[in-house]
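Read off the chains here:
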Amino acid sequence: MKIYADALEEWDDRIGENWETPEDLFLDPIEWIKDNKVYTGQSSNINAIFASTFAKIDKFTERFREILEMYWINQKVDLNIIVHERLKNPTDSLQHVINLFMVQDEIFTNGIPSSTNLGLVKLDSKKARTQLIPSPRL
């Protein structure tokens, strides 16, 4: 604490009886603490916390890759093909597609949380979840 008290005493001396407006009206304590072990140690700790948080975000968003691929396929598929007259067993195909959509609905509903707390960041995925629910909705 002595280093801080000394700095404040120096400031008090500067603004004593014959005070003139300094060039900078704000104290910048970084000059006093930049070489302090506590400050430099905290800086590396903060960097580690941020790096950890962004790694968690990357890992969390990785969960979306498989779901986005399913969503993309669902958007590109021509569902009229399952009722084509030349299809051997159209009722079986229709049932398989319905089963697939039911499984995907379960994956999309349970695989995407509404929100996730990742330390410094809380990700809200309600809007993405709503957008990705399989279509047509059963």
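Above this note sits the structure.
Each chain carries its own residue numbering, running from 1 in the written order of its sequence. Thresholds applied to this predicted model are a pLDDT of at least 70 for local features of residues and 80 or more for the giving and counting of side-chain atom pairs; totals over whole chains, interfaces and linings are not thresholded and use all residues. As a convention, hydrogens and water are excluded, and side-chain values are obtained from all of the structure's heavy atoms.

**Student:** Where do I start with the overall build of the protein chain in this structure?
**Tutor:** For the protein chain, the helix and strand inventory stands at five helices and two strands. Taken from N to C terminus, the helices and strands of the protein chain fall in the order α-α-α-α-β-β-α. Each residue is assigned to one of three classes by its accessible area relative to the maximum for its type, calculated with a 1.4 Å probe on protein chains only: buried under 20%, partly exposed between the two thresholds, exposed over 50%. The burial tally for the protein chain puts 17% of its 138 residues in the buried class. Residue contacts follow a heavy-atom distance rule, with two residues in contact if any of their heavy atoms lie within 4.5 Å. Residue pairs in contact within the protein chain that sit at least 24 positions apart in sequence constitute 61% of those at least 6 positions apart. Only DSSP runs of H or I reaching four residues or more are called helices, and only runs of E reaching two or more are called strands; each is numbered from the N terminus.

**Student:** Can you walk me through the packing of helix 3 (residues 37-76) against helix 4 (residues 90-111) in this structure?
**Tutor:** For any two helices packed against each other, one specifies the crossing angle of their axes together with the interaxial distance. Axis angles are defined between N-to-C directions and span 0 to 180 degrees, where every axis is a line fitted to C-alpha atoms and, for a helix, only to the segment in contact. Contact geometry of helix 3 with helix 4 gives a least axis separation of 11 Å together with a crossing angle of 145 degrees. Crossing handedness for the pair helix 3 and helix 4: left-handed. Within the contact between the two elements, helix 3 uses Arg-63, Ile-67, Met-70, Tyr-71 and Asn-74 and helix 4 uses Phe-101, Gln-104, Ile-107, Phe-108 and Gly-111. Gly is put with the polar residues, along with every residue not named as nonpolar or charged; the nonpolar set is Ala, Val, Leu, Ile, Met, Phe, Trp, Tyr, Cys and Pro, and the charged set is Asp, Glu, Lys and Arg. For the contact of helix 3 with helix 4, the residue count by class is six nonpolar, three polar and one charged. When the near helix sits turned anticlockwise from the far one by under a right angle, the crossing is termed left-handed; a clockwise turn instead gives a right-handed crossing.

**Student:** Even after reading the chapter, I still don't get a nonpolar patch on the surface, so can you show me in this structure?
**Tutor:** Nonpolar side chains (Val, Leu, Ile, Met, Phe, Trp, Tyr) within 5 Å and like charges within 9 Å form the patches, drawn only from residues with over 30% relative accessible area and no salt bridge. Note that accessible areas follow from Shrake-Rupley with a 1.4 Å probe, and for residues the cover is restricted to the protein chains shown. Any Lys or Arg side-chain nitrogen found within 4 Å of a carboxyl oxygen on Asp or Glu counts as a salt bridge. On the surface, Ile-46, Ile-49, Phe-50, Phe-54 and Leu-120 cluster together into a nonpolar patch covering about 500 Å² of accessible area. You can call Ile-46 partly exposed: its relative accessible area is 42%.

**Student:** Got a minute to help me understand the pattern of salt bridges in this structure?
**Tutor:** Pairs can form between side chains of opposite charge once their charged atoms are near each other. Across all of its chains, the model carries one salt bridge by this definition. Arg-65 is the partner of Glu-62 in a salt bridge, and the nearest nitrogen-oxygen pair spans 2.7 Å. Note that Glu-62 and Arg-65 are positioned in helix 3 at a spacing of three residues, about one turn of the helix. For Glu-62, a relative accessible area of 42% puts it in the partly exposed group. Owing to a relative accessible area of 48%, Arg-65 belongs among the partly exposed residues under this scheme.

**Student:** Can you walk me through helix 4 in this structure?
**Tutor:** Because the α-helix completes a turn every 3.6 residues, residues three or four places apart line up on one side. The span expected for a helix works out to 1.5 Å for each residue beyond the first. With 22 residues, helix 4 should cover 32 Å at 1.5 Å per step; its first-to-last C-alpha distance of 30 Å lies within 8% of that length. Listing the buried residues of helix 4 in full gives Val-97, Phe-101, Gln-104 and Phe-108. One face of helix 4 carries all of its buried residues, which in axial projection span an arc of 65 degrees. For helix 4, the exposed residues set more than 90 degrees away from the buried face come down to Thr-91, His-96 and Asn-110. Of the surrounding elements, those touching the buried residues of helix 4 are helix 3 and helix 5 (126-132). Working note: the arc is built from the helix axis to C-beta atom directions.

**Student:** Can you walk me through the nonpolar core in this structure?
**Tutor:** One recurring pattern in soluble globular proteins is that nonpolar side chains are buried together. Each nonpolar core is a collection of buried residues, namely Ala, Val, Leu, Ile, Met, Phe, Trp, Tyr and Cys, held together in the definition by side-chain atoms within 4.5 Å. Grouped together as the largest cluster of nonpolar side chains are 11 residues: Ile-57, Phe-60, Phe-64, Ile-67, Met-70, Phe-108, Ile-112, Leu-118, Leu-123, Leu-132 and Ile-133. Here this core gets five residues from one element, more than from any other, and that element is helix 3. Apart from residues lying up to four places away in sequence, Ile-57 is in contact with Leu-118, Val-121 and Leu-123.

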